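Summary of the model geometry
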Amino acid sequence: MEIIIRPDPAATSEMAARIVARLVRDDRRAVLGLATGKTPLRLYAELARMHRDEDLDFSRVTTFNLDEYVGLPPEHPSSYHSFMTEHLFRHINIGPARVHVPDGMADDIPACCSRYERYIRESEGIDLQILGIGRQGHIGFNEPSSSLASRTRIKTLTETTRSDSVEEFGGVEHVPRHVITMGIGTIMDSGMCLLLAFGKEKATAVAQTVEGPVSAMVPASALQMHEHCTVLVDEEAASELRLADYYRHVFKQKPEWQRP
Ligand code: PGA
């Protein structure tokens, strides 16, 4: 794993945006895996700015979102469909046919999940998967005890995750209990993973992910087995990393051509 520590969320997000933009410039047909939540907001704002000011072209980019709430129609203000439209898609020139978010209203959820996996395969796989992390170490909505080989499927949220979503829903009683999420196996098939985390409340999950044992109890720790995973965190999220000084040293030694 490559661990990069930046001073704050703004600097972290700018670096993440440079990594995504480089891929999109090198390969206009890039397939991006996208995350929702507070963490990628600045990254998406920066990508929108790059589209506006620097002609970053998304017209041939394909996207797959990690997850969606079961029972929320796309137009629901708290759905991840709405989130993505609001924070990214309406600000860039991406074609609606190239955008994929799991269908939380599907009658046949297993069939909908298999279809999602098939669409990813037919797009020749995700080149770069953006990830946030939950306080209990989830990626996507793969909660602790998720199979590390799992594929897209329905999951039941932990109460910790539901309580972390109260703001979006205006009361814990409105937070759905079920979601459709890419599995850990789906995420691990991506060409590159870029995990972002900010703030002290993520510090334990980040330390367990990077320095703990690989365990289904911390689903993000599966990323230790990924060939090309960058963990991009701010100082607060890095505050429990035992080898933080080493990671800083490694980054300083990076030759200029390798720097994001
Ligand atoms: P957050 O959520 O970005 O809102 O902190 C991250 C996650 O739950 O994966």
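The sections below set out a description of the structure shown in this document. (Residues numbered from 1 in each chain as written. Predicted model: local features only at pLDDT ≥ 70, side-chain atom pairs only at ≥ 80, totals over all residues. Heavy atoms only, no water.)

1. Digging into the side chain of Asn142
Among the secondary structure elements, Asn142 is positioned in the loop between β6 (128-131) and β7 (153-156). In this structure the side chain of Asn142 is engaged in a polar contact, spanning 2.8 Å, whose partner is the backbone oxygen of Ile139. Side chain to side chain, Asn142 and Arg153 meet in a polar contact 2.9 Å long. Dropping the residues within four chain positions of it, Asn142 is found in contact with Ser150, Arg153, Thr181, Met182, Gly183, Ile184, Ile187 and Pro219. (Helix = DSSP H or I, 4+ residues; strand = E, 2+ residues; numbered from the N terminus. Polar contact = N/O pair within 3.5 Å; in protein donor to acceptor, adjacent residues only side chain to side chain. Contact = heavy atoms within 4.5 Å.)

2. Remarks on the sheet that holds strand β4 (residues 67-69)
Taken together, the 3 strands give an open sheet; going across it, the order is β4-β8-β7, and neighbouring strands pair in antiparallel fashion. This sheet does not close on itself; its edge strands, each paired only once, are β4 and β7. Sheet twist, expressed as the average angle between the axes of neighbouring strands with direction ignored, equals 30°. Pairing geometry for β7 and strand β8 (residues 178-181), over 4 bridges, is antiparallel. The residue bridging Ile154 from the neighbouring strand is Ile180, located in β8. (Pairing = 2+ DSSP bridges. Axes fitted to C-alpha atoms, helices over the stretch in contact; angles between N-to-C directions.)

3. A closer look at helix α8 (residues 203-211)
Among the 9 residues in α8, 7 count as buried, and that is most of the element. All of the buried residues in α8 are Ala203, Ala205, Val206, Ala207, Thr209, Val210 and Glu211. Structurally, α8 contributes buried residues whose contacts are with β1 (2-6), β9 (192-197), β10 (229-234) and α9 (244-253). (Buried < 20%, exposed > 50% of the residue type's maximum accessible area, 1.4 Å probe, protein only.)

4. Quick word on the side chain of Thr230
With respect to the secondary-structure elements, Thr230 resides in strand β10. Given a relative accessible area of 1%, Thr230 falls into the buried group. Not counting chain neighbours up to four residues away, the residues in contact with Thr230 comprise Glu2, Ile4, Met192, Cys193, Leu194 and Leu195.

5. Focus: α9
By the burial criterion, the buried members of α9 are Ala244, Tyr247 and Phe251. On an axial view of α9, the arc spanned by its buried residues comes to 60°, and they lie on one face. Exposed and facing more than 90 degrees away from the buried side of α9 are Asp245, Lys252 and Gln253. (Arc of directions from axis to C-beta.)

6. Looking at the environment of Ile4
Inspection of the secondary structure puts Ile4 in strand β1. Overall, Ile4 belongs to the buried group, its relative accessible area being 0%. Between the C-alpha atom of Ile4 and that of Ala238, which follows or precedes it by 234 residues, the distance is 9.2 Å. With residues near it in sequence (within four places) discarded, Ile4 still touches Met15, Thr230, Val231, Leu232, Val233, Phe251 and Pro260.

7. So, the nonpolar core
One broad rule of soluble globular proteins: the nonpolar side chains tend to lie buried together. Counting 71 residues, the largest nonpolar core has Val20, Leu43, Leu47, Leu195 and Leu241 as its most contacted members. No other element matches helix α1 (residues 9-26), which puts 7 residues into this core. When sequence neighbours within four positions are dropped, the list of residues in contact with Leu47 reads Ala17, Val20, Ala21, Leu56, Phe58, Leu88 and Ile92. Counting 5 residues, the second-largest nonpolar core is a separate cluster that includes Ala106, Cys112, Cys113 and Ile180. (Core = buried A, V, L, I, M, F, W, Y, C linked by side-chain atoms within 4.5 Å.)

8. Some words on the site of the ligand
Neighbouring the ligand are Gly37, Lys38, Thr39, Gly132, Ile133, Gly134, His138 and Lys202. For the ligand, an oxygen atom lies 2.5 Å from a polar atom in the side chain of Thr39. Measuring from an oxygen atom of the ligand, one finds a side-chain N or O atom of His138 at 2.6 Å. Bound to the protein, the ligand loses 76% of the 280 Å² it would expose on its own. Broken down by class, the residue content of the shell around the ligand amounts to 1 nonpolar, 5 polar and 2 charged. (Near = heavy atom within 4 Å. Areas by Shrake-Rupley, 256 points an atom, 1.4 Å probe, with all protein chains shown as cover. Nonpolar A, V, L, I, M, F, W, Y, C, P; charged D, E, K, R; others polar.)

9. Describing a nonpolar patch on the surface
On the surface, a nonpolar cluster with roughly 270 Å² of combined accessible area is contributed by Leu148, Val214 and Met225. Its location among the elements puts Val214 in the loop between α8 and β10. (Patch = residues over 30% accessible without salt bridge, like charges linked within 9 Å, V, L, I, M, F, W, Y side chains within 5 Å. Salt bridge = Lys/Arg side-chain N within 4 Å of Asp/Glu carboxyl O.)

10. Side note on the sheet that holds β1
Within the open sheet, the 7 strands sit side by side as β1-β10-β9-β6-β2-β3-β5. Their pairing is parallel. The two strands at the open ends of the sheet, each matched to only one other strand, are β1 and β5 (99-100). The sheet contacts of helix α4 (residues 109-122) involve β3 (62-65) and β5, and relative to β3 the element is tilted by about 150°.

11. Here we look at the packing of α1 against helix α2 (residues 41-54)
Packing of α1 against α2 brings their axes to within 8 Å, and their N-to-C directions diverge by 50°. By the angle between their axes, α1 is oblique relative to α2. The chirality of how α1 crosses α2 is right-handed. Facing Pro9, Ala10, Ser13, Glu14, Ala16, Ala17, Arg18, Val20, Ala21 and Arg25 of α1, the residues of α2 in contact are Arg42, Leu43, Glu46, Leu47, Met50 and Glu54. Partitioning the contact of α1 with α2 into residue classes produces 9 nonpolar, 1 polar and 6 charged. (Parallel < 35°, antiparallel > 145°, perpendicular 65-115°, else oblique. Left-handed = near helix turned anticlockwise from the far one by under 90°.)

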